[in-house]
Amino acid sequence: MTTLSDHQHTDHRDATTVPPVPASPAAPRGQTGIDAGLLLLRLALGVVFIAHGLQKFLVDSIPGVASGFAGMGIPAPEVAAVVVAGLEVVGGLLLIVGLGTRIVGALLAVTMAVAMVLVHLPAGFYAADGGFEYVMLLALASLALTLAGPGRLAIDALIRRRRTR
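Residues numbered from 1 in each chain as written. Predicted model: local features only at pLDDT ≥ 70, side-chain atom pairs only at ≥ 80, totals over all residues. Heavy atoms only, no water.

## Concerning helix α2 (residues 31-60)
Link 1 in the chain: Helix length check: α2, at 30 residues, gives a terminal C-alpha distance of 42 Å against a target of 44 Å (1.5 Å per residue), a fit within 8%.
Link 2 in the chain: Considered for burial, the residues of α2 that qualify are D35, L38, R42, L45, G46, F49, I50, G53 and K56.
Link 3 in the chain: Buried positions along α2 lie against α3 (62-71), α4 (77-97), α5 (101-120) and α6 (133-148).
Link 4 in the chain: One or two residues past the end of α2 sits S61, with phi positive at roughly 75°. (Helix = DSSP H or I, 4+ residues; strand = E, 2+ residues; numbered from the N terminus. Expected span 1.5 Å × (residues − 1). Buried < 20%, exposed > 50% of the residue type's maximum accessible area, 1.4 Å probe, protein only. Contact = heavy atoms within 4.5 Å.)

In structure tokens, the structure reads:
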């Protein structure tokens, strides 16, 4: 006679059930494309931020940027000019190599969101008119890296792999 407890321990999977595949060190299916996409996003954002930071240092000059910031009502414009230009250059470099990606992405996203609200919103949408289109895209792309992380093709991932060993 079969008891209820005998049925509770019986494996009732049908023959079509596929057993789980053990995790392997290789990238899961589809992960390679995601990693490549995140790398391309980091490279593009990094180059753009470096260019804009260098422009502030070398073309506009920090006093010129500070003067512009003061005219926009940005507090402590002399400090803000150095901080923003430095963040753009150093942050861009860090994005390219994928080091501190989530933190750098968050800092750049906040910087672009502030620029969008304080400077670009009143000019409307289109960047050609001074609008928020471009800084919104930079802010959201930076936020995307903050949320998604750098991918496996980054120094951050190398550090994470070494820590887990």
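Next, the rest of the story.
## Observations regarding the nonpolar core
Link 1 in the chain: With 15 residues, the main nonpolar core has L45, F49, L95, L108 and M112 as its most contacted residues.
Link 2 in the chain: Listing elements by their share of this core, those giving two or more residues are α2, α4, α5 and α6.
Link 3 in the chain: Grouped together as the second largest cluster of nonpolar side chains are 9 residues, F69, I74, A80 and V84 included. (Core = buried A, V, L, I, M, F, W, Y, C linked by side-chain atoms within 4.5 Å.)

## Quick word on α5
Link 1 in the chain: The set of residues buried in α5 consists of T101, V104, G105, L108, A109, T111, M112, M116 and H120. Viewed along the axis of α5, the buried residues span an arc of 165°, placing them on a single side of the element. Across from the buried face of α5, at angles greater than 90 degrees, the exposed residues are I103, V110 and V117.
Link 2 in the chain: Check the buried side of α5 and you find it contacts α2, α4, α6 and α7 (155-164). (Arc of directions from axis to C-beta.)

## Quick look at the packing of aromatic side chains
Link 1 in the chain: Taken as a whole, this structure holds 2 aromatic pairs when the rule is applied.
Link 2 in the chain: Taking the centre distance of 5.3 Å and the plane angle of 85° together, the rings of F125 and F132 count as edge-to-face.
Link 3 in the chain: Under the relative-accessibility criterion, F132 is labelled buried at 18%.
Link 4 in the chain: Aromatic rings pair up to connect F125, Y126 and F132 into one cluster. (Phe/Tyr/Trp six-rings, centres within 6.5 Å; stacked < 30°, edge-to-face > 60°.)

## Looking at a positive patch on the surface
Link 1 in the chain: On the surface, R102, R160, R161, R162 and R165 cluster together into a positively charged patch.
Link 2 in the chain: With 3 residues, α7 is the single largest residue contributor to the positive patch.
Link 3 in the chain: Structurally, R161 can be placed in helix α7.
Link 4 in the chain: With a relative accessible area of 35%, R161 lands in the partly exposed category. (Patch = residues over 30% accessible without salt bridge, like charges linked within 9 Å, V, L, I, M, F, W, Y side chains within 5 Å. Areas by Shrake-Rupley, 256 points an atom, 1.4 Å probe, with all protein chains shown as cover. Salt bridge = Lys/Arg side-chain N within 4 Å of Asp/Glu carboxyl O. Lys, Arg positive; Asp, Glu negative; His and termini not counted. Charge placed at Lys NZ, Arg CZ, Asp CG, Glu CD.)

## Looking at the pattern of salt bridges
Link 1 in the chain: For the structure on display, the rule yields 2 salt bridges.
Link 2 in the chain: We note a salt bridge from D35 to R152, for which the minimum N-O separation is 3.3 Å. Taken together, the residues span a long stretch of sequence, with D35 in helix α2 and R152 in the loop between α6 and α7 at a distance of 117 residues.
Link 3 in the chain: Note on D35: relative accessible area 4%, which makes it buried.
Link 4 in the chain: Using a relative accessible area of 33% as the deciding quantity, one classes R152 as partly exposed.

## Section: the packing of α2 against α3
Packed helix pairs are specified by the crossing angle of their axes together with the interaxial distance, meaning the distance between the axes.
Link 1 in the chain: Put simply, α2 and α3 touch, their axes get as near as 6 Å, and they point 110° apart. Taken as axis vectors, α2 and α3 run roughly perpendicular relative to one another. Between α2 and α3, the contacting residues are K56, F57 and D60 on the first element and I62, G64 and V65 on the second.
Link 2 in the chain: Partitioning the contact of α2 with α3 into residue classes produces 3 nonpolar, 1 polar and 2 charged. (Axes fitted to C-alpha atoms, helices over the stretch in contact; angles between N-to-C directions. Parallel < 35°, antiparallel > 145°, perpendicular 65-115°, else oblique. Nonpolar A, V, L, I, M, F, W, Y, C, P; charged D, E, K, R; others polar.)

## A short note on unusual backbone geometry
Link 1 in the chain: Even without glycine at this site, S61 takes up a positive phi of about 75°.
Link 2 in the chain: Note on placement: S61 falls in the loop between α2 and α3.
Link 3 in the chain: Take S61: its relative accessible area is 28%, and that puts it in the partly exposed class.
Link 4 in the chain: Its identity is not glycine, yet A76 carries a phi of approximately 45°, on the positive side.
Link 5 in the chain: Position of A76 among the secondary structure elements: in the loop between α3 and α4.

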